[in-house]
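Breakdown of the fold
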Amino acid sequence: MHTHPMKLVTIIAEPVLEPRLAHDLKQLGATGFSVVDGRGAGSRGLHATTIPGDNVRLETIVSIAVADRIVDHLAQHYFTDYAVVAYTSDIAVVRGAKYDTAP
Amino acid sequence: MHTHPMKLVTIIAEPVLEPRLAHDLKQLGATGFSVVDGRGAGSRGLHATTIPGDNVRLETIVSIAVADRIVDHLAQHYFTDYAVVAYTSDIAVVRGAKYDTAP
Amino acid sequence: MHTHPMKLVTIIAEPVLEPRLAHDLKQLGATGFSVVDGRGAGSRGLHATTIPGDNVRLETIVSIAVADRIVDHLAQHYFTDYAVVAYTSDIAVVRGAKYDTAP
Amino acid sequence: MPLLDTLQANLLSPIPLAFALGVLARLMKSEFALPKDLYASLSIYLLLALGLKGGYELSHASVASIAWPAAATLALGVLTPLTTYGAMRWLGRFSTSDAAGMAAHYGSVSAVTFIAAQQFTQRVGAPAEGFMPTLLTLLESPGIHIALAIGALNRGPTRQHGDAPHSTGSTWAVLHEVFTGRTMVLLVGGLFVGYLMGESGWKAVSPFFDSGFKGALMLFLLEMGIVAGSRLGDLRTVGPFLLGLGVLLPIVHGAIGATLATWAGLSVGGATVLATMAASASYIAAPPAVRLTLPDANPTYSLTASLAITFPFNILFGIPLYYRIAQAVATAQV
Amino acid sequence: MPLLDTLQANLLSPIPLAFALGVLARLMKSEFALPKDLYASLSIYLLLALGLKGGYELSHASVASIAWPAAATLALGVLTPLTTYGAMRWLGRFSTSDAAGMAAHYGSVSAVTFIAAQQFTQRVGAPAEGFMPTLLTLLESPGIHIALAIGALNRGPTRQHGDAPHSTGSTWAVLHEVFTGRTMVLLVGGLFVGYLMGESGWKAVSPFFDSGFKGALMLFLLEMGIVAGSRLGDLRTVGPFLLGLGVLLPIVHGAIGATLATWAGLSVGGATVLATMAASASYIAAPPAVRLTLPDANPTYSLTASLAITFPFNILFGIPLYYRIAQAVATAQV
Amino acid sequence: MPLLDTLQANLLSPIPLAFALGVLARLMKSEFALPKDLYASLSIYLLLALGLKGGYELSHASVASIAWPAAATLALGVLTPLTTYGAMRWLGRFSTSDAAGMAAHYGSVSAVTFIAAQQFTQRVGAPAEGFMPTLLTLLESPGIHIALAIGALNRGPTRQHGDAPHSTGSTWAVLHEVFTGRTMVLLVGGLFVGYLMGESGWKAVSPFFDSGFKGALMLFLLEMGIVAGSRLGDLRTVGPFLLGLGVLLPIVHGAIGATLATWAGLSVGGATVLATMAASASYIAAPPAVRLTLPDANPTYSLTASLAITFPFNILFGIPLYYRIAQAVATAQV
Ligand SMILES: Nc1ncnc2c1ncn2[C@@H]1O[C@H](COP(=O)(O)O)[C@@H](O)[C@H]1O
Ligand SMILES: Nc1ncnc2c1ncn2[C@@H]1O[C@H](COP(=O)(O)O)[C@@H](O)[C@H]1O
Ligand SMILES: Nc1ncnc2c1ncn2[C@@H]1O[C@H](COP(=O)(O)O)[C@@H](O)[C@H]1O
Ligand code: NA
Ligand code: NA
Ligand code: NA
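Residues numbered from 1 in each chain as written. Chains lettered and ligands numbered in written order. Predicted model: local features only at pLDDT ≥ 70, side-chain atom pairs only at ≥ 80, totals over all residues. Heavy atoms only, no water.

1. Some thoughts on the pairing of strand β1 (residues 4-13) of chain C
Residue and element names in this part refer to chain C. We count it as follows: Partly exposed describes any residue whose relative accessible area lies between the buried limit of under 20% and the exposed limit of over 50%, with all areas from a 1.4 Å probe on protein chains only and scaled to the type maximum. Numbering goes from the N terminus for both helices and strands, where a helix is a DSSP run of H or I of at least four residues and a strand is a run of E of at least two. Pairing between strands requires that DSSP locate at least two bridges from one strand to the other.
Burial analysis of β1 places eight of its 10 residues in the buried class, the great majority of the element. The pairing of β1 with strand β3 (residues 54-62) spans seven bridges and is classified as antiparallel. Each residue of the ladder has a partner; that of I12, found in β3, is R57.

2. Comments concerning the packing of helix α3 (residues 36-58) of chain E against helix α11 (residues 213-229) of chain E
Residue and element names in this part refer to chain E. To keep things clear, this is the line we draw: Note on geometry: axes are C-alpha line fits, over the in-contact stretch for helices, and angles between N-to-C directions span 0 to 180 degrees. Here is the rule for angles: anything less than 35 degrees is roughly parallel, anything more than 145 is roughly antiparallel, 65 through 115 is roughly perpendicular, and the remaining ranges are oblique. The crossing is said to be left-handed when, going from far helix to near helix, the turn is anticlockwise and less than a right angle, and right-handed when the turn is clockwise. In what follows, residue pairs with any heavy atoms lying within 4.5 Å of each other are defined as contacts. In this classification, the charged set is Asp, Glu, Lys and Arg, the nonpolar set is Ala, Val, Leu, Ile, Met, Phe, Trp, Tyr, Cys and Pro, and all remaining amino acids, among them Gly, are polar.
At their nearest, the axes of α3 and α11 sit 10 Å apart, and the two run at 135° to each other. The orientation of α3 with respect to α11, classified from their angle, is oblique. Crossing of α3 against α11: the hand is left-handed. Each of Y39, L42, S43, Y45, L46, A49 and L50 in α3 lies in contact with α11, whose residues at this interface are F213, A216, L217, L219, F220, E223 and M224. Here the contact of α3 with α11 is built from residues that sort into 12 nonpolar, one polar and one charged.

3. Regarding the site of ligand 1
In plain terms, the rule: Working definition: residue near molecule or strand if any one of its non-hydrogen atoms lies within 4 Å of it. Distance and chemistry together define a polar contact, namely a pair of N or O atoms within 3.5 Å, with one atom able to donate a hydrogen and the other to accept it when in protein, and with adjacent residues in sequence counting only for side-chain atoms on both sides. Residue burial considers only the protein chains on display, and all accessible areas are found by Shrake-Rupley using a 1.4 Å probe.
Surrounding ligand 1, one finds 19 residues, the nearest of these being A:S43, A:N55, C:S34, C:I61 and C:K98. Ligand 1 sits at the junction of chains A and C, each of which supplies nearby residues. Contacts to ligand 1 include A:A41, whose backbone N or O atom sits 3.4 Å from an oxygen atom. Contacts to ligand 1 include C:I61, whose backbone N or O atom sits 2.8 Å from a nitrogen atom. Surface burial for ligand 1 is 95%, taken as the share of its 480 Å² of free accessible area covered by protein chains. Elements that contribute at least two residues to the shell around ligand 1 include exactly β2 (33-41) of chain A together with β2 (33-41) and β3 of chain C. Here the element with the most residues in the shell around ligand 1 is β3(C); it accounts for three residues.

4. Observations regarding the coordination of the sodium ion (ligand 6)
Residue and element names in this part refer to chain F. Under the convention used in this document: As a rule, N, O and S atoms within 2.8 Å of a metal are its donors, except that Na, K and Ca use 3.2 Å; water is not among the atoms, so sites may look incomplete.
Protein coordination at the sodium ion (ligand 6): the donors are Y106 (O), S108 (O), M277 (O), A278 (O) and S280 (O), at 2.4 to 3.1 Å from the metal. Read in sequence order, the donor residues coordinating the sodium ion (ligand 6) give the pattern Y-x1-S-x168-M-A-x1-S. Taken together, the positions of S108 in the loop between α5 (96-107) and α6 (111-123) and M277 in helix α13 (residues 268-279) put the pair 169 residues apart, joining distant regions of the chain. Of the residues examined, S108 reaches a relative accessible area of 1% and is grouped as buried. Its relative accessible area of 1% is what places M277 among the buried residues.

5. Points about the relation of the copies chain B and chain C
For the record, the criterion: The copies were overlaid with a least-squares fit restricted to C-alpha atoms from residues scoring a pLDDT of at least 70 in each copy.
By a simple turn and slide, chain B fits onto chain C: the slide is 0.0 Å along the axis, the RMSD is 0.0 Å, and the turn is 120°. In short, the pair behaves as if placed about a three-fold rotation axis. Residue by residue, only 9% of the interface of chain B is reproduced at the interface of chain C, so the copies engage with different surfaces.

6. Thoughts on the interface of chain B and chain C
The accessible area lost on association of the parts is a frequent measure of interface size. What counts is decided by this rule: Summed over both partners, the accessible area lost on bringing two parts together, with a 1.4 Å probe, is the buried area. One speaks of a salt bridge when a side-chain nitrogen belonging to Lys or Arg is within 4 Å of a carboxyl oxygen belonging to Asp or Glu.
Across the boundary between the two partners, chain B contributes 22 residues, which contact 22 residues of chain C. Buried area between chain B and chain C, both sides added, is near 1,700 Å², and the carbon and sulfur share of it is 49%. Counting across the interface, chain B meets chain C through three salt bridges. Linking C:R39 and B:E18 is a salt bridge whose minimum nitrogen-to-oxygen distance equals 2.7 Å. Where the side of chain B that touches chain C is concerned, the elements lending two or more residues are α1 (18-27), β2 (33-41), β3 (54-62) and β4 (84-93) of chain B. Top contributing element to the side of chain B that touches chain C by residue count: β2(B), with five residues. When grouped by side-chain class, the residues that make up the side of chain B that touches chain C number 12 nonpolar, three polar and seven charged.

From the geometry alone we can't say anything about function, so treat these as descriptive.
See below:
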């Protein structure tokens, strides 16, 4: 079957940021996202939650352009003050159109 | 250490489909799979679960051929009626033989 | 925005191994890791937990060198006796320095 | 007591108040919800408590006294999916799948609505027969089976995944799941255990399963309110026909249920509870069964109707209404 | 009973013992903790029980008897964030954000500390007024609002995400979340429901919400001990100033609270509880609100002070102390 | 009462019935299971309740009356891992790791089996001594320590991860985990807290920790049945030798336990409970400890034997049997 190359943006963040990030993703052109609860440890060790280490992991399938926009946005608005980790990876999807926002 | 290129197929689906998808994966040649519970939002917004947005995320490490078969199968049997998202990505594993089904 | 290529190492393991693996990752040069609880089925089907199939999924963003070291370590110390699955994938991060250990 | 007073007394009792609080919290866009595991735990507790007590009380009941009510229950299990299917298909012009999906929900039963009715009859001094939980187990699955059979027949073999490799998707597998689902294990299992352990057993565990029951139920209803409240937005999607049907079907099924129940010899309290069972719609057992066997049925229709229309209607207004109908039928019969 | 005896009696009662066990388990590096959902469930249970009982007892209270205590509560809600902000900024030389963040915590209230005070006054035979939970709801949010307003003013518009696309991050959205958070839904909602359902309703659910209360509280305190214990390592991070402030602020706020409460006509028990409310610091509602609106405030400061210093201090020593202060003020007033 | 009647009375009591229901549900391939957090919550509740009550009753016990029973318990803690190891190694010809792993399980204790025995002795009118939970804490870890030491010695240094960087994998780290695990924190901690809070404390929390105990236990046993039931498929894997051993070991250990207990001066009830402790196998503390220190031991062997053979055997048949043995020994001794 014919597949389309897309980007997967993964964001690991303090739980309190989930609604704000979800909102931002939509604004920046993501058509959807998936979330999983987790925990972790890093170099900063900000204990910003009652149970230290809790986090959420958001993933969104987007075009390259939107992925860039998301990463820029995160770097600008979150990386300084919040425990946020983000990375992109290459994936292939069926029905690429599902993940393209109307222009 | 020598690693082998494989495919990772990720499926995000309504929870009710988990047993059926697990069954399908095995039939299609996957030697195993991992599941995580999550939630999400997309473009369709089918409220098919009591708690809207709940989903499960299945991942399976497979050969390229099996990955193709899985994606085809999903497109044919699930994409029309169910809230199912799927994508493949490239990974490298040690012991590639572990993920090959007997011919 | 400028991004840096890194490796993501994903480890799916019996829950009992989580603290030991977390410790190993740090020793081997990872600056952090994220964990999610899950379940799964594989070819071995060792029922090592009270609830068969429960597992944890650790992910760590590391340099290529550290990724190699982690995979080697896992193969040597865990693959024989434990239900452990591991793979690496290519990702891109902003701020690559965050994931480099002091030499 | 005139109907309005019964209604008001009902509205100011713990169950409707807790439900209303949940709905209100959602309307105010509160993010509050019970943790998923607490919700599941409360439902397990309530079902098992119901089963155990029902089983314990079953040991005092005679087979004769249950026979006719059981027959009436099974008749309702056959009738309610048919009326629902008919209304959806010919009045509402829905697809066969949507009609069958809806029939599965309204042909089955909501255990929480059952419990609310039981509590109501106790509060008004007309407690239902002790064997009612047994009837509940009889009404759980027939409606789902009938509805899915209708759906399967009407869809024909073309859409079947005949060549697909899933046996888990087969209708038999799905029906097996209904039969061995949480509600059935806890209710039927509880009935057996309650029956077998007898008085000394029940006395030992009743401080846990009986004393706490009403409070736990209240907490559960709070979450039901939140769940129903978060579906209110879907009311616009489902349109006025389903909105009307979600109120009319329970009234019709409730009236038929009250009548059959009275004919079968149940007390006014028992008739109220059986009427409520007929009037209620499943939102636990039916949805996954429908989703797996009728993939092209829109789950938003049946779940919204069951959860956001019929459930609140029954809790707030339906139960007192069925009680008055049961009283009227009983009086007429004498 | 001299102060030392009151202290000892308090330390040997269930709440402090359970808390100490939790801390000890952490100190011994035990990995044990309550499952997250159990922790959340217990807090839901405790808050709803508090609200329901408070609401039921509110139906016996006159508006007149609540007016002055309510005024005193609101005064404390304005005063405590200001003193906290001042102490942080001018004594501690912290940044405006850190000072405002801390003010939000100490200007709000810890419901569990409130409950511990309520239990304490019952144990010493000076039960607080039945309407105290109503006052609790009044003290929940003003302090947070005031503190965040101070923070927003002082940070100026430069750091605002003016161009960023998040409306969810706006201060209004955050304040809305405080108003519709778990504590408010359960407490305010519980008060209304408890008030409306009256005696028969409360009697039906009190075996669940009342009999189990003290035991559930104990289990909750065990986890609080574990949570506080796992922050003890942060005590070194926050430094001696915050350590001192975490003890001094509650004493000052407690003394002011006891005085205002007595002037407002509350009994010694009621004054003890209101003093404890003033002395306590929020660690549920305040942290997320501060995190979202004052991103550059270091959450380790405020959470460690609230959870690992002030909370244990109040539970173990503060409450008996405020009780003695309330007694002294009452005696002086006569 | 002849043995058969005792057996039957036991089988028709809540604990075995709930367990059987769970097994049956699995046999019928039901997917039903308690939510993980509920299962954990129930076990926390049961252990803490056990500890608190035990601690409260400890305040009435004299040191003299506990000394000999404690010595008997420790003797059983040394003996049972050795007999298990011997049987596995020389009768069953298992590897040293598999034998040591099994010894860790059977040398330790199952708290739920203990509780079931306690309930049984109450039901038959021969309640065990109040200090039994103290003995339970003594039997939790010695067997694991001894078994792991045997395993470590026999495996020799070659398989040690000498060069590996994990300190968390060291035997000391693992033993520390056994000592600070959930069971120890709640039981030992509960004993201390229960002892310290005395009568007034216990009275305050007993509506939660005492009244609900039997019902919560029943719910827990339901899940134990499901867990055991899902391992029945492994019975074929483990083979007839382990199947036999899973029944024989408890009988032998139970008989020795009943004898030692009676010599140590325990009542028939107390001897029954101590015998059950010796006869029971750990499936909470032992499995992770064995998994981490003896990686090449097959966990399917020890977990299946403990959970799917010995646990059901004890719950259903063992406890009444040990009771009859304890009666016989007591009679013989007189
Ligand atoms: N190298 C890493 N690999 C994967 N996740 C990480 C890494 N570093 C940090 N994280 C995640 O990001 C969260 C915050 O990390 P930090 O800001 O470095 O303290 C942690 O709790 C982890 O979940
Ligand atoms: N662009 C996306 N990226 C990641 N996950 C998505 C995306 N779109 C949809 N999903 C997931 O798929 C589920 C169903 O989406 P949909 O069918 O578009 O309503 C959602 O709940 C999400 O978990
Ligand atoms: N092919 C696979 N793809 C993804 N996860 C797998 C795969 N095989 C095994 N696993 C995971 O690894 C665990 C142990 O597998 P195994 O050792 O093969 O029994 C399973 O419970 C799965 O979570
Ligand atoms: Na119905
Ligand atoms: Na305060
Ligand atoms: Na033992």
